[in-house]
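Summary of structural features
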Amino acid sequence: AGALLDALRTARQGVEEASGPESSSWEARLAEVGRRLRPTFRVQEVECDQELGTLALDFPRAVLLHERATLSLAPDGTRLYLVTAHGRDVFVRVLDVATRRVRRLVTLRAPEVLDFIQVHVTGEQLWIAGHQGALLEVSTVSWDVRFWRGGLPAEKDVVEQVLLVPGTRFHWTSVRSRTAMNECVHIHDALSGRHLREVGDAITLAVVPGEEARVFASRYDKGARLLGSNGGVVRTFPESMQVDQVASSPLPGHLVAVTAAREAPGPLAVRLVTPGGTLLGRVELEDPFTEAPYAIAASSELGLTFVLHHGEDDAEIVALRSSREGLEVAWRRWAPEAAHFIQDIHGRRALLLSVDEGRLRVDTLETPLPAPHTPLSFANDRALPWTGPSFFECLLRERPGLADAAQAACSLPAVARGARIEDLRRA
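Here we look at the packing of helix α1 (residues 2–17) against helix α2 (residues 20–41)
At their nearest, the axes of α1 and α2 sit 8 Å apart, and the two run at 150° to each other. When the axis of α1 is compared with that of α2, the two are roughly antiparallel. Here α1 runs over α2; the crossing is left-handed. Packed against α1, whose contacting residues are Leu 4, Leu 5, Ala 7, Leu 8, Thr 10, Ala 11, Arg 12, Gly 14 and Val 15, the element α2 presents Ser 23, Trp 26, Glu 27, Arg 29, Leu 30, Val 33, Gly 34, Arg 36, Leu 37 and Phe 41 at the interface. Considered class by class, the residues forming the contact of α1 with α2 number 11 nonpolar, 4 polar and 4 charged.

Considerations on the nonpolar core
Core analysis: the biggest nonpolar cluster contains 34 residues, and Val 92, Leu 114, Leu 136 and Trp 143 have the highest contact counts within it. With 17 residues, the next largest nonpolar core counts Val 258, Ala 260, Leu 268 and Leu 327 among its residues.

Comments concerning the side chain of Ser 249
Relative to the helices and strands, Ser 249 resides in the loop between β18 (243–248) and β19 (255–259). Engagement of the side chain of Ser 249 in a polar contact is seen with the side chain of Ser 322, the distance being 3.3 Å. Sequence-distant contacts of Ser 249, defined by excluding residues within four places in its chain, comprise His 254, Leu 255, Val 256, Leu 272 and Ser 322.

Some points on the pattern of salt bridges
For the structure shown, the criterion picks out 20 salt bridges. Linking Arg 109 and Asp 89 is a salt bridge whose minimum nitrogen-to-oxygen distance equals 3.0 Å. Highlighted residues: Arg 109 in strand β5 (residues 101–109) and Asp 89 in strand β4 (residues 89–96), separated in sequence by 20 residues. On the accessibility criterion, Asp 89 (2% relative accessible area) is buried.

Observations concerning the sheet that holds strand β13 (residues 195–198)
As summarised here, the arrangement of the 4 strands in space is β10-β11-β12-β13, forming an open sheet in which the pairing is antiparallel. Two strands bound the open sheet, and with one partner strand each, they are β10 (157–164) and β13. On average, each strand axis in the sheet is tilted by 25° relative to the strand beside it, whichever way the strands run. In this structure, strand β11 (residues 170–177) lies alongside strand β12 (residues 183–189), joined through 7 bridges in antiparallel fashion. Across the sheet, the residue bridging to Val 175 is Cys 184, located in β12.

Considerations on the sheet that holds strand β20 (residues 269–273)
With respect to topology, 4 strands assemble into an open sheet ordered β18-β19-β20-β21, the strand pairing being antiparallel. Lying at the two open borders of the sheet, with one neighbouring strand each, are β18 and β21 (279–284). On average, adjacent strands in this sheet sit at an angle of 25° to one another, irrespective of strand direction. Here 5 bridges tie β19 to β20, and the two strands are oriented antiparallel to one another. Residue Val 258 lies in a different strand from β20, and its bridge partner there is Val 270.

As for the confidence of the model for the protein
Taken over all residues, the pLDDT of the protein has a mean of 77, while the share at 70 or more is 74%. Of the regions scoring below 50 in pLDDT, residues 373–389 engages in 73 contacts with residues more than four places distant in sequence or in other chains.

Focus: the environment of Val 138
Here Val 138 lies in strand β8 (residues 135–139). Judged by relative accessible area, which is 1%, Val 138 ranks as buried. The sequence separation of Val 138 and Glu 124 amounts to 14 residues, and the corresponding C-alpha distance is 8.6 Å.

A short note on the packing of aromatic side chains
For the structure on display, the rule yields 6 aromatic pairs. With 6.4 Å between their ring centres and 55° between their planes, Tyr 81 and Trp 143 make a pair best called tilted. Of this pair, Tyr 81 sits in strand β3 (residues 79–86) while Trp 143 sits in the loop between β8 and β9 (145–149), and the two are 62 residues apart along the sequence. For Tyr 81, a relative accessible area of 1% puts it in the buried group. Aromatic pair Phe 216 and Phe 237: ring centres 6.2 Å apart, planes at 50°, arrangement tilted. Note that Phe 216 is positioned in strand β15 (residues 214–219) and Phe 237 in strand β17 (residues 233–237), a separation of 21 residues in sequence. Phe 237 carries the same exposure label as Phe 216, and that label is buried. Aromatic rings pair up to connect Phe 306, Trp 331 and Phe 341 into one cluster. Lying across the ring of Trp 26, Arg 29 places its NZ or CZ 4.2 Å from the centre.

Criteria and cut-off values
Residues numbered from 1 in each chain as written. Predicted model: local features only at pLDDT ≥ 70, side-chain atom pairs only at ≥ 80, totals over all residues. Heavy atoms only, no water. Axes fitted to C-alpha atoms, helices over the stretch in contact; angles between N-to-C directions. Helix = DSSP H or I, 4+ residues; strand = E, 2+ residues; numbered from the N terminus. Parallel < 35°, antiparallel > 145°, perpendicular 65-115°, else oblique. Left-handed = near helix turned anticlockwise from the far one by under 90°. Contact = heavy atoms within 4.5 Å. Nonpolar A, V, L, I, M, F, W, Y, C, P; charged D, E, K, R; others polar. Core = buried A, V, L, I, M, F, W, Y, C linked by side-chain atoms within 4.5 Å. Buried < 20%, exposed > 50% of the residue type's maximum accessible area, 1.4 Å probe, protein only. Polar contact = N/O pair within 3.5 Å; in protein donor to acceptor, adjacent residues only side chain to side chain. Salt bridge = Lys/Arg side-chain N within 4 Å of Asp/Glu carboxyl O. Pairing = 2+ DSSP bridges. pLDDT = per-residue confidence, 0-100. Phe/Tyr/Trp six-rings, centres within 6.5 Å; stacked < 30°, edge-to-face > 60°. Lys NZ or Arg CZ within 6 Å of the ring centre and 35° of its normal.

Given below as C-alpha cells:
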C-alpha cells in the first residue's frame, strides 16, 4: 500500500498542476490508483432511501450517545454530507436536501485515527481533516480516495486546531510544542506538505465562507484579524472594537460582525463593517448571555445574514438585511431545539439544522421559521446527535452477542434486503 499511496500523492499533485490534455491524463491515473486503493481503505457504499428518524431507545445508549456527525453542505445546496469519525473508521451519510432523506451510506477506514474531524465539500470532492493534521480527500461520485497525508506524530507536538481552507491548498494547523509550551499557527501546502508561513498565535480559527474564503483568527487580549487563505492580513480588529466573530455581507467588501464585551457582562450586538473598517448601525440581541454560544451565517442568494443566539430562557434566530447605512432586522423568531447553521463554502446558501419532535429538521431560511414544537435549547458546536441510520448500529451488527439487538434497532434499509456493509468491525 505504501507504493500506491506515494503514487496517489504524485497523481493528485499532477492533476492540480497540469493543464489541458495533460491534466486529463493525470486524472485518469489518479482514478486508477484510487480504484486500486479501495481494498486498502475498505471503501464500501450502499444506496439508501431513509427517512430522518430517531434512534431506537432499546439500543445500547452508552455507545450511541458517543456518535456525533460533522456536517458540510455541497456548493449547489442540494446535498448535505454528515460524517462521523470513530478512531480510523469513517462513516458518511448523504442527505438529499429537497426530500430530507438519506440517499447513500459510505464507510471507509483511514490508515490512522481521524477523531475530531473538520469536513467540507468542494465540487465533487469531500475533504476530511483529522485532529493531528491528517488529510483525506474522497470523490463524492465514485467514493474512491483521491488523496491521503498522515498527521503529525502525537508524541512530538499537540495540534490544537486544524483548518483546511475550502477551495484552496492551504492547510492551517495551530501547534503547541510539548517542550516549550508555546503555540503557533503554521500554513502548509496541503498536497506537497511544504511549509509556507507562520501567522502567530490564535485562540480560535474559523473559516468565513465567501466567494473567496478567508479565516477569522481571534487572539486573547490582542483583538482579532481577518486573514486571507494564505495567511495575509486582510483586516485587523483592535481589542477596543470587541469583534467576536464575522460573516460575509451581501454588500461587496463589507462584513457583518458580532461584538461582545470582554471584561463585564453586556449585550451582544451585530454591526456592519465597511471596507474601511468603520462599524455602522447596531442591532442588540434581546436578553443575551454573553458567555452562551451563538452562531452567525450569511446567504448571498437571500441577501441576508443570520445570527442564532441564546437568551436567558430561549434561543432566537435573527435575520438581518445590510444597507449602506447599517443593518435592519428582516425578521426574528424563536429557534428550534439544538439548532445551528450549515453553509456552503461560497456563502451563497445557509441551512438551519435542528431537532423538532425528536427528528432532525432542515430549514432553508428562505422564509421566517414556523414556531417549533419542542422545548428550546442550543447546540454549542457544529455537531448534532444523529437521528438515524446509526454508524454504531451498523458497526455492532457484526459483533457476536449483539447481532439480534442491533438488527432490531438498526434503521438501515439494506438490513432487510440482506445486504451488508463489510469490514465495519474494529481491528
